[in-house]
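Tertiary structure, described
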Amino acid sequence: MRRDIELAYFQKHLNERLTAIKADQEARQRESGPVELDRARVGRLSRMDAMQQQAMSQATSRLTDLERQRIEAALARMKEGEYGYCLACGDEIAEGRLRFDPSVATCIDCAQAAEG
């Protein structure tokens, strides 16, 4: 377990973000029903606009779900005493990188290698 970083700080931020994500996902679920044609609007273009908005909302939901999974994995690593270590190489993840994104799972070197 890393002792050079303030785990309580990261745990607080991860839990706050997780709470916000869950609230957002619940709100999106209520709004994700089928697109109905609003007869007060002008026909096909209005329906196409509504369908596009729904598609964008679904894409946002997928990205938010991925973020939720990363946060839950980071919290699990905290419980296991593995938080702050790169999943790829096992080295410590820089504190600045963790402060930027507390759910990050790899060090900067491994992240750059994965992108290249």
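Everything that follows concerns the structure shown earlier in this document.
Residues numbered from 1 in each chain as written. Predicted model: local features only at pLDDT ≥ 70, side-chain atom pairs only at ≥ 80, totals over all residues. Heavy atoms only, no water.

Helix and strand counts for the chain come out as 4 helices and 0 strands. Element order for the chain, N to C, with α for helix and β for strand: α-α-α-α. For the chain, the residues scored as buried account for 24% of the 116 residues in total. (Helix = DSSP H or I, 4+ residues; strand = E, 2+ residues; numbered from the N terminus. Buried < 20%, exposed > 50% of the residue type's maximum accessible area, 1.4 Å probe, protein only.)

What follows deals with the side chain of Arg2. The residue Arg2 is located in the segment before helix 1 (7-30) in this model. Judged by its relative accessible area of 4%, Arg2 falls in the buried class. Among the polar contacts listed, one links the side chain of Arg2 to the backbone oxygen of Gly84, at a separation of 2.7 Å. Reaching out from Arg2, the side chain makes a polar contact with the backbone oxygen of Ile93 at a distance of 2.6 Å. (Polar contact = N/O pair within 3.5 Å; in protein donor to acceptor, adjacent residues only side chain to side chain.)

With that settled, consider the packing of aromatic side chains. A full pass over the atoms with the stated rule returns 2 aromatic pairs. A centroid spacing of 5.1 Å and a plane angle of 85 degrees characterise the contact between Tyr9 and Phe10, whose relative ring orientation is edge-to-face. Owing to a relative accessible area of 0%, Phe10 belongs among the buried residues under this scheme. Cluster of aromatic residues (ring-pair linked, three or more members): Tyr9, Phe10 and Tyr83. The ring of Tyr9 carries the charged tip of Arg99 above its face, separated from the ring centre by 4.2 Å. (Phe/Tyr/Trp six-rings, centres within 6.5 Å; stacked < 30°, edge-to-face > 60°. Lys NZ or Arg CZ within 6 Å of the ring centre and 35° of its normal.)

Let us look at the nonpolar core. Counting 15 residues, the largest nonpolar core has Leu14, Tyr83 and Leu98 as the members making the most contacts within it. Breaking this core down by element, the ones donating at least two residues are helix 1 and helix 2 (43-80). Once residues lying within four places of it in the same chain are set aside, the contact partners of Tyr83 are Arg2, Ile5, Leu7, Phe10, Leu14, Ala74, Arg77, Met78, Leu98 and Pro102. (Core = buried A, V, L, I, M, F, W, Y, C linked by side-chain atoms within 4.5 Å. Contact = heavy atoms within 4.5 Å.)

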